[in-house]
There are 2 protein chains.
Amino acid sequence: MTIIERTTNGPLVVELHDGDRSMAGLLGGKGAGLAEMTRLGLPVPPGFIITTEACRAYLTTGGEPDGLWSRVEDELEALEERTGLRLGDPLRPLLLSVRSGARFSMPGMMETVLDIGMTDEVATAMVRRGEAHFTWDCYRRLAQMYGRTVLGVDGRLFDDELAAMRRSTGVETDAELDAYSLKLLTHSFRRIIREQTSEDVPQDGREQLHAAVLAVFSSWNGDRARLYRQHEGISDDLGTAVNIVQMVFGNRGEDSGSGVCFTRDPVSGAPGAFGDYLPNAQGEDVVSGVRSPLDLSELQRRDPELHRQLSEHLRTLETHYRDLCDVEFTVERGRLWILQTRLGKRSPAAAFRIAAALVDDGVIDLDEALTRVDGLQLQTLLHPTFTRDASAATLAHGLAASPGAATGQLVLDSATAVERAALGHRVVLARPETSPDDFGGLVAARAVITARGGLTSHAAVVARGLGRSCVTGVEGLVIDVEARTATFPGGRILAEGALLSVDGTTGDIFEGQREIEQSAVATAIQGDAPSDADPVVDAVLRLLAHADRRRHLKVMANAEIPEEARAARRFGAQGIGLCRTEHMLLGSRRELVERLVLDDDREGALAQIEELALRELSALLVEMEGLPVVVRLLDPPLHEFLPDLVELSVRAALEAERGTEDPDTTRRLAAVRRWHESNPMLGLRGVRLLTVLPQIIDAQVRALAEATVRLRAEGHTVAPELMVPLVADVAELVGARERIERVVAEVAQAHGTELHLPVGVMVELPRAALTAAALAGEADFFSFGTNDLTQTSWGMSRDDAEAGFLSAYRQAGVLTTNPFETIDEAGVGALVRMAADDGRRARPTLGLGACGEHAGDPRSTAFFEAVGVDYLSCSPPRIPVVRLQAGREAVLAEGRTTTADTR
Amino acid sequence: MTIIERTTNGPLVVELHDGDRSMAGLLGGKGAGLAEMTRLGLPVPPGFIITTEACRAYLTTGGEPDGLWSRVEDELEALEERTGLRLGDPLRPLLLSVRSGARFSMPGMMETVLDIGMTDEVATAMVRRGEAHFTWDCYRRLAQMYGRTVLGVDGRLFDDELAAMRRSTGVETDAELDAYSLKLLTHSFRRIIREQTSEDVPQDGREQLHAAVLAVFSSWNGDRARLYRQHEGISDDLGTAVNIVQMVFGNRGEDSGSGVCFTRDPVSGAPGAFGDYLPNAQGEDVVSGVRSPLDLSELQRRDPELHRQLSEHLRTLETHYRDLCDVEFTVERGRLWILQTRLGKRSPAAAFRIAAALVDDGVIDLDEALTRVDGLQLQTLLHPTFTRDASAATLAHGLAASPGAATGQLVLDSATAVERAALGHRVVLARPETSPDDFGGLVAARAVITARGGLTSHAAVVARGLGRSCVTGVEGLVIDVEARTATFPGGRILAEGALLSVDGTTGDIFEGQREIEQSAVATAIQGDAPSDADPVVDAVLRLLAHADRRRHLKVMANAEIPEEARAARRFGAQGIGLCRTEHMLLGSRRELVERLVLDDDREGALAQIEELALRELSALLVEMEGLPVVVRLLDPPLHEFLPDLVELSVRAALEAERGTEDPDTTRRLAAVRRWHESNPMLGLRGVRLLTVLPQIIDAQVRALAEATVRLRAEGHTVAPELMVPLVADVAELVGARERIERVVAEVAQAHGTELHLPVGVMVELPRAALTAAALAGEADFFSFGTNDLTQTSWGMSRDDAEAGFLSAYRQAGVLTTNPFETIDEAGVGALVRMAADDGRRARPTLGLGACGEHAGDPRSTAFFEAVGVDYLSCSPPRIPVVRLQAGREAVLAEGRTTTADTR
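About the thresholds
Here the residue numbers are simple positions, counted from 1 along each chain's written sequence. Just so you know, chain letters begin at A and ligand numbers begin at 1, following the order they were written in. Only residues with pLDDT of at least 70 get local features here, since the model is predicted, and only at 80 or more are side-chain atom pairs given and counted; chain-wide, interface and lining totals rely on the full set of residues. For side-chain calculations, the full set of non-hydrogen atoms in the structure is used, while hydrogens and water are omitted. Here a helix means four or more residues in a row that DSSP labels H or I, a strand means two or more in a row labelled E, and each is numbered from the N terminus. By this rule the span expected of a helix is its residue count minus one, scaled by 1.5 Å. Throughout, the bend at a residue refers to the angle made by two axes, fitted to the seven residues ending there and to the seven starting there. Relative accessible area decides the class of each residue, using a 1.4 Å probe on protein chains only: under 20% of the type maximum gives buried, over 50% gives exposed, and in between gives partly exposed. Domain delimitation follows an automatic or database domain assignment. Here the axes come from fitting lines to C-alpha atoms, over the contacting stretch only for helices, and the angles between their N-to-C directions go from 0 to 180 degrees. Each angle gets one of four labels, with under 35 degrees taken as roughly parallel, over 145 as roughly antiparallel, 65 to 115 as roughly perpendicular, and the rest as oblique. We call two residues contacting when some pair of their heavy atoms lies within 4.5 Å. Under the scheme applied here, ten amino acids are nonpolar (Ala, Val, Leu, Ile, Met, Phe, Trp, Tyr, Cys and Pro), four are charged (Asp, Glu, Lys and Arg), and all others, including Gly, are polar. Two cysteine sulfur atoms form a disulfide, by the criterion used here, when they sit within 2.5 Å. We call Phe, Tyr and Trp rings a pair once their centres come within 6.5 Å, taking the six-membered ring for Trp, and we label the pair stacked below 30 degrees between planes, edge-to-face above 60, and tilted otherwise. Charge-over-ring contacts are defined here by two conditions on Lys NZ or Arg CZ: a distance within 6 Å of the ring centre and an angle within 35 degrees of the ring normal. The set of buried Ala, Val, Leu, Ile, Met, Phe, Trp, Tyr and Cys residues whose side-chain atoms join them within 4.5 Å is what this entry labels a nonpolar core. The term buried area refers to how much accessible surface (probe radius 1.4 Å) is lost by two components on association, counted for both of them together. Note on definitions: salt bridges are taken to be side-chain nitrogens of Lys or Arg within 4 Å of carboxyl oxygens of Asp or Glu. Any pair of nitrogen or oxygen atoms within 3.5 Å is treated as a polar contact; in protein, a donor-acceptor pairing is required on top of that, and neighbouring residues in sequence qualify only through side-chain atoms on both sides. All copies are superposed by least squares; the fitting set is the C-alpha atoms of residues with a pLDDT of at least 70 in both. Two strands pair if DSSP finds at least two bridges between them. UniProt positions are given in the numbering used here, feature names are shortened, and annotations may be inferred rather than shown by experiment.

Caption draft 1: Main features of helix α1 (residues 24-39) of chain A. Residues and elements named next belong to chain A. Look at α1: only 15 Å from first C-alpha to last across 16 residues, short of the 22 Å you get at 1.5 Å a residue. At K30, α1 is bent by approximately 80°, the largest bend along its length. The element α1 is extensively covered by neighbouring structure, given that 15 of its 16 residues are classed as buried. Positive backbone phi, approximately 85°, marks G41, located one or two places after α1.

Here it is in structure tokens:
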């Protein structure tokens, strides 16, 4: 989904009291949250917001919009008045936090500068007042962030310096560094800055502020930010707001600290406040995962009153936002400040459980609950898990940061992950911790494990968003990037490339490739086992049932054999929307088609084909008793059933060379040559086969008609339909239809009965879509074959493109989605819409369905709902996904409720 | 062109005085002409017309519309009153002619019954009055036509009987049969009818009339008629009128006769009445070509007064209709009757000459003259002719019935012609005479020769309409269908399959395959030789010049090398609309691309490619000095330049077998395998090549930029443009454009100058058309590549389809036109129209052109004119054809004049 939003000209600066949650477009998500919390009376540090409007103006024109800075000066003076502090005042210094904040959350993607206002003069006065450790910690942070963000110094230079200082002073964490070390670090950082840029941290707070604001503006167009937006489908045109608020300090001693928490457990969805707290630290320290945080219960033990206050604020927020909230807070010398709130990212399982719980709590209704989950989330829950009886060696255990079981090759950095994944390997990325720079690697990996970091670390948050398995905080895991090995807690050393199995639901990591089993959700959906009071399974079943009540789209299955049909019914299929008859001619049955082509007992081969079709279609119809079964006539080029031209040519040449010519080789080679096509995708297939081998089509039709008549005579209720593939012109459909009707009439007559089989047409060529009105005159229904329609609309063969230029395009960002996975609304979608409209206008009773890859893609369901097709047909395991998504889209389409506006 | 016309409900029967030429839809072309001539006071036999409305009602409902027969009875009574004769009255018998007549001329395709009203009683009375010969001739004709048309008896039974009678009585022609023979024949015919149908010719004139009218109605849906309409693009919904007029008799003795004539020579276009006259015969005898007719001068000699009257009527008609008229007349005992007029079919040369002559005569203006000719006609005039100095043996000489030189295999019947043409052979059809049953053979043949028949025989008329060479009246030519030989007048016997050369312009037939030379018209258009007062050449040049003044469409050439560019300029090209750079890499230059792909001195290969491009593009630009040259970047898949996979695989296998492995073979095979695609048409080509080998594109751009800068420095005025092929998404165009602009800027900078090359995009994929608004934002112009657009819209590869199912479709009538030849307006055309509209809306200055096969197809020009493209780009020889057609379409589009309404 690409989100494009343009606001009308708005104000350049907004004070926190003047904003609210509805203003996320202008204030960014973070700013709107701060404003809303200020209105709710929560303890938010005072401040103001430079709007996205100002950022857009800056990015568009390359210069500050007129009047921006005088507005900032006004707000700054008001802030100074309100706090009684002044920027740069040694006696009562005001320190500011300057943070980016876009409309849509882009965690860690953009820049922040803290402690703006710290100067030598302020520092000297603060030290004199006895806060040396705090002062130099603030100053070194300012130097570090200003140097990196504003002046573009490589951040690793600062990190190395910090690490050296920790080593030389013999401490584990930054928080343990003493005042003197921090002072030395401040000087070192400023020396690095001078060496790298010939500049220094300005000694004027306003100059610092001004530079920091422009740096935040510019960070919108940084590489990482752009890559993230591309992946998430966020428009490059939105810009970021800049939040400027008074600093509050979690690093002011042991009665201070910072935390990140959720109103409920974002992994399991269990009720109750949940999160991490890091004493004597600023917020960045928690999120970056550099130090392992404490559980909230630790805070409760240390300071029950504070924990009570926090819990009350969390309840206020969840009730107010009517959804899971993600909150950042800081405690400064015992005083609680709420620094940020937003709707909390959650695991797919949690999404279902929380949505259902909020219904039970009377906060939202089932319709709204349905909009809080989606098919992609359900899809991850349907993923198989490891079998319980597996005897794989457990390598380690960590935090279950993102659920799901996955196996793959161990890789030790993101570049390697991307590289091997591009070659088609499944990879498990292992890192000491991840940073925003690892985003590409997280996308490429099936699972991620990190040595450090909690459930809200970067790796955990991003992996949950992407639906990747993730285990964090694997204490003792050592990654040796030089030796390309990972040492696990027990001492086991694995080389890069070794096979791992990761269970993100339990936090377990196993050596080797574990066997996998069906998910509990999938099992429950199929009704095979009663729900054993698993709240997630319960939630899924409730929401799926509600989706079934609400959806307009029927969901059918693509299936050919009784086993698939049975699975489809269990998954809730309302029929078979696509039975590909060519599947009955694969494997050892290819030779039947070869005999037809070679005219080698053609009659016998035809009889066998018809008999096979009769038997298999009968079984399928019986399995789907009472439901429609749409049978597509033979579609692929016949030469797909013949031997390979190159292979056979080589064989013939070698036989000739050896003097062992086999007349059969010669004959088959001649046939293969005759049937060879330069572009088989655009060749003799589908309805066109009627021009060369109508007997095979007749045999299929006769088998289906015969099966129907016989089964009905036995009392079965069967509802077969026929579908003609690859029609470009209505005359082809007319010809096929006449032929079909003649054969059906012959069968009916032979049985002395009547038979009518509805005849539909695959709309899978642009010309079919463009001439849909004419086709509708001859078809009972359309089924959109969006795979072929994508191939022809784009002029690219899926086989050739996906292995080649299409992946190059995706890597280069030329295409943000794969049009074979998610419907291309602008191109292919326009044809589908046109054909549906024209077809329905020409024949109001026309049935409409879709049976390509996109019909099973939940990101494409909204499109089909909007077009108004009657059914989607997909592979059986995708059926519940599409059922859920279709319900959600129906609710959204009816505008009964909208997704929360601050997400 | 498919003509669909539906009239509103009109009258069922119309009397001749009540109609006029504007009523062709209701009265048919023939009926409207009769009515108009009646109004003009010309001697037309009295009568009335049953309208197409009545026919349509009959064909739709299967029964006569209410009130039809009572209206016929009324008109019949009025006719009896006016003539003083009565149907069936032995004393004063009224005999009627009942003829079909549709909106559009379908010569010989439908039915006629003459001499309605003849019965035994009438015959007996007439014989008693002394007209035995005439009486029995009428009666046998009635029996013959009634038997065949109304009762469905095989006409050959009657023909055989006639031939037997001629043999037994020793006469050459039917006209020589005596009264007794004719009486016997009448009895024989009635016996045949009774034997075949158990019916007889009714002895009630009104019953005869009724049955004949219904038979004419039904003949609309006869096989021949439907085939003809399909070929001519005439709607099946029009129906035919039935003309019922008093019989006049050309078979009433030597002072009677029938003729067919034109107001001018329909072959050469020379002024003056022109036609055939057959004494003592009815009209059918002239048209069927059974007897060779006399020239009109013969009539003048025999009866100067009659000839004067006829000439006066012809002048009246041509002035009135403002065009060549084709007239049928009959002389009954010295009295002249005009039986039919219509606009005359004419040879392409005559079309030009007559149009120009009518301008000179002040009858029409140049605009209207331009609408009287078209590009297809001009195309036939551009066809080469035989070289004059050829020494081929002349086999025979006949009437030059349809101009143009053609060579081909001799075939002796239409079925063989169709069969061999389908195999790709050029054939010359030789027949004693042709009948409407030969229509398929005439379509299939390059030329037609007949032993009998004049310039207005069936063969001549149809061949001229189809633009086939035709020589008729080759006296002494004997076709032996059993022996499969043709004996020519001098005694030379050729077997079927022998090569012949036919000059339809001179009437000469040669043995063997003669050498062919450029047409005089083509030579004159190219300005190589002064027009030597050839009136056809003059007419073409005048009308072409007028077309150039009137047309909106520019006409450009598809050309790559200077020789082609020179030819294009001579043919009037206004630039090069498509320079396919891949043509510079064919032949021995393939190895350059192979070196690139194999990475075999890649730099050296690139340098050579660039140098070649620089040299050849420079030459092209200089040749087209002052005119735009649109250069398309490399389009085909690179593996087209590589060796064939099958061939190379076989070679590698044989080398391995023989132990003579060549590492070069192995290496090349690996490369060919790597680059192999299952559907190259939909694969790695066009703009997509930028993802794998951008250097080759850079080299092309650099060469063009370098050529431009250097030539401009030398004072040349050159106007190159660049075109990006196979774009599906705007992001591809953006990437290509950025790359092009960077290379162009580098070249300009290196020369210290400025350079801007317009960049356009080929719109040749459905998705490009569907997202044209976005593309227009990044393109200076669109060029519609309708070849690829047809392939992808229809999902058919031209190579595979034209050899396969597409020709099967055309033979089966599933498709009436080849969408690769003539633009498919409903499908591909809809995309072109959409893209043009969306593109222009997004960028009003957007240039629009077309460069596919259709741009050079005159049947597609009206479409492009209507869409409003700026230019069409085609192969050089087609340029004048498109210039003319574009002028014609501009005039028609402006509605300044319309084509005559009785055509």
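On we go from here.
Caption draft 2: Region of the structure containing the domain arrangement of chain A. Examined at the domain level, chain A breaks down into domain 1 (13-246), domain 2 (257-346), domain 3 (388-516), domain 4 (548-637 + 677-901) and domain 5 (645-676). Measuring from the centre of the C-alpha atoms in domain 2 of chain A to the corresponding centre in domain 3 of chain A gives 27 Å.

Caption draft 3: Summary view of the packing of helix α22 (residues 590-598) of chain B against helix α25 (residues 663-675) of chain B. Residues and elements named next belong to chain B. The geometry of α22 relative to α25 is characterised by a closest axis approach of 10 Å and an angle of 85° between their N-to-C directions. As summarised for this structure, α22 and α25 are arranged roughly perpendicular, according to the angle between their axes. Note on element contacts: α25 touches α22 through R667, R668, A671, R674 and W675, opposite E594, V597 and L598. Split by residue class, the contact of α22 with α25 holds four nonpolar, no polar and four charged.

Caption draft 4: Molecular detail of unusual backbone geometry. With a phi angle near 55°, R322 of chain A is a residue other than glycine that sits in the positive phi range. Among the residues examined, R322 of chain A registers a relative accessible area of 33% and is labelled partly exposed. For R484 of chain B, which is not glycine, the phi torsion reads 55° and is therefore positive. By relative accessible area, R484 of chain B is classed as partly exposed at 24%.

Caption draft 5: How the structure looks around the state of the cysteines. Here the structure, examined in full by the defined rule, presents zero disulfides over all chains. Residue C325 of chain A stays outside any disulfide, its sulfur separated by 9.9 Å from that of C261 of chain A, the closest cysteine. Here C579 of chain B stays free of any disulfide, with the sulfur of C851 of chain B as its closest cysteine sulfur at 11 Å. Classification of C579 of chain B as buried rests on a relative accessible area of 0%.

Caption draft 6: Molecular detail of the packing of aromatic side chains. A full pass over the atoms with the stated rule returns 18 aromatic pairs over all chains. Residues F386 of chain B and F510 of chain B carry aromatic rings whose centres are separated by 6.0 Å and whose planes lie at 80° to one another, so their mutual orientation is edge-to-face. Taken together, the positions of F386 of chain B in strand β11 (residues 385-386) and F510 of chain B in strand β22 (residues 508-511) put the pair 124 residues apart, joining distant regions of the chain. The class for F510 of chain B is buried, based on a relative accessible area of 6%. Measuring from ring centre to ring centre gives 6.3 Å for F782 of chain B and F784 of chain B, while their planes differ by 85°; the resulting arrangement is edge-to-face. A relative accessible area of 0% means that F784 of chain B is categorised as buried. Seen from the ring of F104 of chain A, R103 of chain A lies directly overhead, with NZ or CZ sitting 4.7 Å from the centre. One cation-aromatic arrangement involves R229 of chain B over W220 of chain B; the distance from NZ or CZ to the ring centre is 3.8 Å.

Caption draft 7: Spotlight on the nonpolar core. Core analysis: the biggest nonpolar cluster contains 348 residues, and L378, F782 and F784 of chain A together with L378, F782 and F784 of chain B have the highest contact counts within it. F784 of chain B has contacts with V763, V832, A835, A836, L848, G849, A850, C851, G852 and V869 of chain B, leaving out every residue within four places of it along the chain. Counting 55 residues, the second-largest nonpolar core is a separate cluster that includes V13, A54, F189 and F249 of chain B.

Caption draft 8: Spotlight on the interface of chain A and chain B. Contacts between chain A and chain B engage 48 residues on the former and 48 residues on the latter. Counting each side, the surface lost to burial between chain A and chain B is near 4000 Å², with a carbon and sulfur contribution of 64%. At the boundary of chain A with chain B, the tally comes to four salt bridges. One salt bridge in this structure joins R658 of chain A and E657 of chain B, with 2.8 Å as the shortest N-O distance. In this structure, the connection of chain A to chain B is made through 16 residue pairs in polar contact (both at pLDDT 80 or more). Those elements that provide at least two residues to the side of chain A that touches chain B are α24 (645-658), α27 (730-750), α28 (766-770), α30 (786-794), α31 (798-803), α32 (805-811) and α33 (825-842) of chain A.

Caption draft 9: Region of the structure containing the pattern of salt bridges. Residues and elements named next belong to chain B. A full pass over the atoms with the stated rule returns 138 salt bridges over all chains. Two residues, E368 and R322, come together in a salt bridge whose shortest N-O distance is 2.4 Å. Of this pair, E368 sits in helix α14 (residues 366-371) while R322 sits in the loop between α12 (304-321) and β9 (325-332); the two residues are 46 residues apart in sequence, bridging distant segments of the chain. Residue classification places E368 among the buried positions, given a relative accessible area of 7%. A salt bridge links R843 to D780, with the shortest nitrogen-to-oxygen separation between them at 3.5 Å.

Caption draft 10: A look at the relation of the copies chain A and chain B. Rotating chain A by 180° about the axis while translating it 0.2 Å along that axis superimposes it on chain B, leaving an RMSD of 0.3 Å. This pairing of chains is accounted for by a two-fold axis. A share of 100% of interface residues in chain A that are also interface residues in chain B marks the association as one of identical surfaces.

Caption draft 11: How the structure looks around the sheet that holds strand β12 (residues 394-397) of chain A. Residue and element names in this part refer to chain A. Spatial ordering of the open sheet is given by β12-β22-β21-β14-β15-β16-β17-β13, a layout of eight strands whose pairing is mixed. Strands at the two margins of the open sheet, each flanked by one partner only, are β12 and β13 (399-402). With strand direction ignored, the average angle separating the axes of adjacent strands in the sheet is 30°. In this structure, strand β14 (residues 405-411) lies alongside strand β21 (residues 499-503), joined through five bridges in antiparallel fashion. Residue pairing in the sheet places T407 in a bridge with S501 of β21. Its contacts with the sheet put helix α16 (residues 414-422) on β14 and β15 (427-431), and the angle it makes with β15 is roughly 175°.

Caption draft 12: Up close: the UniProt feature "active site" (unreviewed entry) in chain A. Residue and element names in this part refer to chain A. UniProt feature "active site" (unreviewed entry): in the numbering of this structure it lies at H458 and C851. These annotated residues cover 394 residues of sequence, and their C-alpha atoms reach 38.5 Å apart at the extremes, leaving them scattered rather than at a single site. With respect to the element layout, H458 can be found in helix α18 (residues 458-466). Its place among the elements puts C851 in the loop between β30 (847-850) and α34 (858-867). If we ignore the near neighbours within four places in the chain, the residues touching C851 are N558, G577, L578, M762, S783, F784, G785 and S873.

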